[in-house]
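Architecture at a glance
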Amino acid sequence: MRITGISTHVVGTPWRNLTYVQVHTDEGITGVGETRMLGHTDALLGYLKEAEANHILGSDPFAVEDLVRRMKYGDYGRAGEIVMSGIAVVEMACWDIKGKALGVPVWQLLGGRVTDKVKAYANGWYTTERTPEAYHKAAQEVMARGYRALKIDPFGTGHFELDHRQTLYAVSLIEAVRDAIGPEAELMLEMHGRFSPATAVRLAHELAPFKPAWLEEPVPPENLKALKKVAEKVDMPVATGERIHDRIEFRELFEDQSVDIIQPDVGHIGGIWETRKLAATAETHYMLVAPHNVGGPVLTAASLQVGFTSPNFKILEHFNDFADAEIKKVVRGAPQVNPEDGCFHLSDAPGLGVELDTDAAAEFPQQQARFDLWAEGWEQRKPKATQP
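Throughout, residues of each chain are indexed from 1 in the direction in which the sequence is written. Local features in this predicted model are restricted to residues whose pLDDT is 70 or higher, and side-chain atom pairs enter the listing and the counts only when it is 80 or higher, whereas totals over whole chains, interfaces and linings include all residues. Computation of side-chain values: all heavy atoms of the structure, hydrogens and water removed.

- By the naming in an unreviewed UniProt entry, the chain goes by Mandelate racemase/muconate lactonizing enzyme family protein and is assigned to Streptomyces chromofuscus.

Below, the structure is given as structure tokens:
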């Protein structure tokens, strides 16, 4: 079997563009992959056009490791977010092809299942007025849909510091959410790399009474010493990793034990097998894995293949029941959270278990998607029009 070409399809919303890639073969089997870029969709498409000619055409889709190696190192320049995301969408599609050709799900090819279900947590649910009353109601709606966990960034446009008034308001939002979801549900606290170490530590202590399940990206991701400074002074698990785009770059996090939970994005770190390798290394350091997942149904399905096969997999992020829920129709067989237990359940469908509906995808053309975490009202995911 050989790859005869790729086709790209961008599904657009005002705040995110989802890039789907179909990999076609000479035996008529097509696989699909997905990633979500922030402001770099056209750059990704340009890279994929060159990579198709330089590396992908004529390749054996079963030889996933070889194709990834050539795409990562064959151009000599150091691979960053765009290249690793391009590798990821092609790599996912190759696993999909392999599973379909053999008649088995991808998780079976990764060593088999270690669990029948993966817990989900909701994100994108607080696209509402930023008040305790509105957040309380929205959080109750999340629980009513069967979720047992959710995540929130309550810090507005905070950057490095958060003054006393803003701190009290953030605390009031979290208090309202905890009251809405009860004591048993998990509440993940997101900081989006906003703060200095001192501010992150202070806020963590202020919010500790509400029992956050983790403290996510408390400081900007570039300085691991700053992250370690936070980790040493808080009593809750620390999570990070969505903006690390190469498995090798996690080495320092493992070495200094700065975090408890790593959050690679399967769509940015080179795909399913790269993430599974990373999960295995994390297991040797007694760390859990909870992938960043702001993509659509294909990226969710790909992330679940890692989840079903990794003993140290904690939970999977899910946006698609809340923000842009209508995009689920671009894929047949989209993974669904079971309302009885708030989990994704194992699927025996071959490959990734999903199929891209290109006609449905065409109903969501690419947009000038914009997502600015420093802009007022960012949490509503309704970006203002870009000024000419």
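Further notes follow.
1. A closer look at the overall build of the chain
- Scanning the chain from terminus to terminus reveals 12 helices and 14 strands.
- Principal axes of the C-alpha set define a box for the chain whose edges measure 60 × 50 × 45 Å.
- Contacts are assigned to residue pairs with any non-hydrogen atoms lying within 4.5 Å of each other. Restricting the contact set of the chain to residue pairs at least 6 apart, pairs at least 24 apart contribute 73%.
- Counting only carbon and sulfur atoms, one obtains 49% of the accessible surface of the chain, whose full area is about 15900 Å².
- Averaging the coordinates of the 40 positive side-chain charges in the chain and doing the same for the 55 negative ones gives two points 2 Å apart. Numbering of helices and strands starts at the N terminus; helices are DSSP runs of H or I of at least 4 residues and strands are runs of E of at least 2. Values of accessible area rely on a 1.4 Å probe in the Shrake-Rupley scheme; residue burial ignores everything except the protein chains shown. When charges are counted, Lys and Arg are positive and Asp and Glu negative, with His and the chain ends excluded. Each charge is placed at NZ for Lys, CZ for Arg, CG for Asp and CD for Glu.

2. Re the domain arrangement of the chain
- Here the bounds of each domain stem from an automatic or database domain assignment. As assigned here, the chain comprises domain 1 (3–105) and domain 2 (108–348).
- The C-alpha centroid of domain 2 is placed 25 Å from the C-alpha centroid of domain 1.
- Taken together, the contact pairs 30 residues of domain 1 with 34 residues of domain 2.
- Defined here as a combined quantity, buried area equals the accessible surface (1.4 Å probe) lost by two parts on assembly, summed across both. Summing both sides of the interface, domain 1 and domain 2 together bury roughly 2600 Å²; the carbon and sulfur share of this comes to 59%.
- Area buried by domain 1 at its contact with domain 2 is led by Arg16, Trp95 and Pro105, which between them contribute 23% of it.
- Criterion for a salt bridge: a side-chain nitrogen of Lys or Arg within 4 Å of a carboxyl oxygen of Asp or Glu. On inspection of domain 1 and its partner domain 2, the count reaches four salt bridges.
- Residue Asp324 pairs with Arg16 through a salt bridge whose shortest N-O separation is 3.0 Å.
- Any pair of nitrogen or oxygen atoms within 3.5 Å is treated as a polar contact; in protein, a donor-acceptor pairing is required on top of that, and neighbouring residues in sequence qualify only through side-chain atoms on both sides. Our enumeration of links across domain 1 and domain 2 arrives at 22 residue pairs in polar contact (both at pLDDT 80 or more).
- Looking at the side of domain 1 that touches domain 2, the elements with two or more residues in it are β2 (17–25), β3 (30–37), α2 (64–73) and α3 (81–102).
- Take the side of domain 1 that touches domain 2: its biggest share by element is 11 residues, from α3.

3. Section: the pairing of β3
- Among the eight residues that make up β3, seven are buried, leaving the element largely enclosed by the rest of the structure.
- A pair of strands is treated as paired once DSSP finds two or more bridges between them. Taken together, β2 and the strand that follows it, β3, pair antiparallel across an intervening segment of four residues, in which Gly28 is found at a positive phi of about 80 degrees. Burial classes: relative accessible area under 20% of the type maximum marks a residue as buried, over 50% as exposed, and values in between as partly exposed (1.4 Å probe, protein chains only).

4. Considerations on the side chain of Glu190
- Among the structural elements, Glu190 can be located in strand β6 (residues 186–190).
- Among the polar contacts made by the side chain of Glu190, one reaches the main-chain amide nitrogen of His192 at a distance of 2.8 Å.
- In this view, Glu190 contacts Lys151, Ile152, Asp153, Pro154, Phe155, Glu216, Glu217 and Glu242; residues no more than four positions away in its chain are not counted.

5. Re the nonpolar core
- The biggest cluster of nonpolar side chains holds 117 residues, and the ones touching the most others in it are Trp125, Leu150 and Ile272.
- Residue contributions to this core peak at 10 residues, all from α3.
- Two domains each put at least three residues into this core: domain 1 (3–105) and domain 2 (108–348).
- Look past the residues within four positions of Trp125 in its chain and what remains in contact with it is Tyr135, Ala138, Ala139, Val142, Leu150, Lys151, Ile152, Val177 and Phe322.
- By size, the runner-up hydrophobic cluster in this structure holds nine residues, among which are Ala149, Ala213, Ile261 and Ile315. Put simply, a nonpolar core is a bunch of buried Ala, Val, Leu, Ile, Met, Phe, Trp, Tyr and Cys residues held in one set by side-chain atoms that sit within 4.5 Å of each other.

6. Structural notes on the packing of aromatic side chains
- Centres within 6.5 Å are what make two rings of Phe, Tyr or Trp a pair, Trp counting through its six-membered ring; a difference in plane orientation under 30 degrees is then read as stacked, over 60 as edge-to-face, and the rest as tilted. Scanning all chains against the criterion turns up 12 aromatic pairs.
- Summarising the aromatic geometry, the rings of Trp15 and Phe319 are spaced 5.7 Å apart at their centres and angled 40 degrees between planes, so their arrangement reads as tilted. Here Trp15, found in the loop between β1 (3–12) and β2, pairs with Phe319, found in the loop between β11 (316–318) and β12 (331–332); they are 304 residues apart in sequence, far enough to count as distant.
- Using a relative accessible area of 2% as the deciding quantity, one classes Phe319 as buried.
- Ring geometry for Phe155 and Phe195: centres 5.2 Å apart, planes at 90 degrees, overall edge-to-face. Pair noted here: Phe155 is in the loop between β5 (149–152) and α6 (164–181) and Phe195 is in the loop between β6 and α7 (197–207), with a separation of 40 residues, a long-range link.
- Note on Phe195: relative accessible area 0%, which makes it buried.
- Taken together, Trp15, Trp125, Tyr126, Tyr135, Phe319, Phe371 and Trp378 form an aromatic cluster joined through their ring pairs.
- Positioned above the aromatic ring of Trp95, the side-chain terminus of Lys98 is 4.7 Å from the ring centre. To sit over a ring, a charge needs its Lys NZ or Arg CZ within 6 Å of the ring centre and within 35 degrees of the ring normal.

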